[in-house]
Every structure is written in structure tokens, then in C-alpha cells.
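Residue-level structure breakdown
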Amino acid sequence: CSCEKNITLLHLLHLKVHNKLGSDSDMMKCSAFLFLIAAVVGPAFTTAFTSSKPAVALVSKTKLNAGPLFKGKDYDRIVENIMVTKNLSREEAEKDYSEYLENPNNYALNKGEAYYRSLGYDSLMDGVIGEAEKEGRGDEVRQRVEDFKKQGQIKGLSVITVFLVLFFYLKISFDNDPTSLDLISR
């Protein structure tokens, strides 16, 4: 079984590291170092791919293409409402609603981008900041956008740092023993 092979490889790798380090004291120092790295970078790493926003229910794409029986009882009413409010044909309204159902987040971003472009802004963020400035909240919104970008950069850099530290740790650990890399090919 490949699981057993992977466990065996990990065990052999552990033994090689243990033999290379020699004493249990060196092994404890190495373990403490790895734990310290995990404790420092771990919180940023675990939140890098999460959001504080509530989860959004996903809508299956097959639901849209399965025919009128599977589109839901409110589908026709919603499409007709879109036709009236946006002055669209039935086909255009169905396409618009289908885009929303397939990916609500991208739909909202695309609509926002189109709206702010129609007002003369170059991008969604420029439009949000520009409209906030008209309301007297430009500095507040600009600061929130900058904080969001900084947080994303910190998360991304922390993930990269974890992998770089891991890479250099493995390189230093096995630098003097090139045969230790033969574990992967077994």
C-alpha cells in the first residue's frame, strides 16, 4: 500500500535525521526549533486560507442545465423580475441570473467593476475610494484597503517563509550526507 510506503519512508527519514544529529539532546534542540517555527508562523499560515466572513452556500452548475424542473420554484419569478427591473429580454435575464448562480462573488465583483467604470473610474478600488471621498470617508476607506492589502501580503510572505525555512533546514540537515536523498526513490 502506498500509505504504508510513505509511513516507512517518513520513519526512515526520521531515523536518518536522528542518526545524523547524534544525541537525544541534539534531536530535542531540532524538535524545539521546528516547534518554535510552527508556533511563530502557524497562526498566520492557518489563517492565510480562511475568511472571517460567513460561508456562502455553493450552487451546483448542473442545477442550471438540468432543465426547468430542477431550476427551483422561484426561478421563473426571479428571471421575470430581472427582465422588468433591468429591461432585459428573457434570454439576457436568464444569462444574468445564471452568472449569479454559478459564482455570486465574481458576479458581484464584475457588476461593481462595470458600475464604477461607467462612472469614469479605472478600477473597482478606485471607484470605491472615489465615491467614499465624495461622502467624506475617503481616508477611512483608503486605510481599510491598505490594511487589507498588507494583511494579504503578510499572510503570503509567511507561507513562503515557512517553506523556505523548511527547504533550508532540510538542505542543511542532509548537506553532508547525499545518500539520505535516496529515500525518495525507494
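Let me sum up the structure you'll find in this document.

What counts as what
- Residues numbered from 1 in each chain as written.
- Predicted model: local features only at pLDDT ≥ 70, side-chain atom pairs only at ≥ 80, totals over all residues.
- Heavy atoms only, no water.
- Core = buried A, V, L, I, M, F, W, Y, C linked by side-chain atoms within 4.5 Å.
- Buried < 20%, exposed > 50% of the residue type's maximum accessible area, 1.4 Å probe, protein only.
- Helix = DSSP H or I, 4+ residues; strand = E, 2+ residues; numbered from the N terminus.
- Contact = heavy atoms within 4.5 Å.
- Salt bridge = Lys/Arg side-chain N within 4 Å of Asp/Glu carboxyl O.
- Phe/Tyr/Trp six-rings, centres within 6.5 Å; stacked < 30°, edge-to-face > 60°.

As a further point, take the nonpolar core. One broad rule of soluble globular proteins: the nonpolar side chains tend to lie buried together. Tyr-75, Val-79, Ile-82, Ala-93, Tyr-97 and Leu-101 form the largest nonpolar core, which has 6 residues in total. Counting only elements with at least two residues in this core, the list comes to α4 (75-86) and α5 (90-102). In this view, Tyr-75 contacts Glu-94, Tyr-97 and Ser-98; residues no more than four positions away in its chain are not counted.

Our next topic: the pattern of salt bridges. Under the defined criterion, the tally for this structure stands at 10 salt bridges. Close ionic contact of Arg-90 with Asp-76 constitutes a salt bridge, the shortest N to O distance being 2.7 Å. Of the two residues, Arg-90 is situated in helix α5 and Asp-76 in helix α4; the sequence distance between them amounts to 14 residues. Accessibility expressed as a relative area gives 30% for Arg-90, which makes it partly exposed. Its salt-bridge partner being Arg-117, residue Glu-113 comes within 3.0 Å of it at the nearest N-O pair. A residue pair is termed a helical-turn pair when its members lie 3 or 4 positions apart in one helix, as Glu-113 and Arg-117 do in helix α6 (residues 104-118) at 4 residues. With relative accessibility at 48%, the residue Arg-117 sits in the partly exposed group. Here the salt bridges do not stand alone but share partners, grouping Asp-76, Arg-90 and Glu-94 into one network.

Positive phi values are uncommon outside glycine, yet Asn-87 reaches one of about 55°. Tracing the backbone through its elements, the reader meets Asn-87 in the loop between α4 and α5. Residue classification places Asn-87 among the exposed positions, given a relative accessible area of 70%.

With that out of the way, let us pick up the packing of aromatic side chains. Evaluated as defined, the whole model comprises 6 aromatic pairs. Ring centres 6.2 Å apart and planes at 15° place the aromatic pair Tyr-97 and Tyr-100 in the stacked group. One end of the pair, Tyr-97, and the other, Tyr-100, are both in helix α5, 3 residues apart, so they sit about a helical turn from each other. Overall, Tyr-100 belongs to the partly exposed group, its relative accessible area being 37%. Between Phe-167 and Phe-168, the ring centres sit 5.3 Å apart and the planes meet at 65°, which makes this aromatic pair edge-to-face. Phe-167 gets classed as partly exposed once you look at its relative accessible area, which sits at 48%. The class of Phe-168 is partly exposed, set by a relative accessible area of 44%. Ring-pair connections join several aromatic residues into one group, and the members of that group are Tyr-75, Tyr-97, Tyr-100 and Tyr-107.

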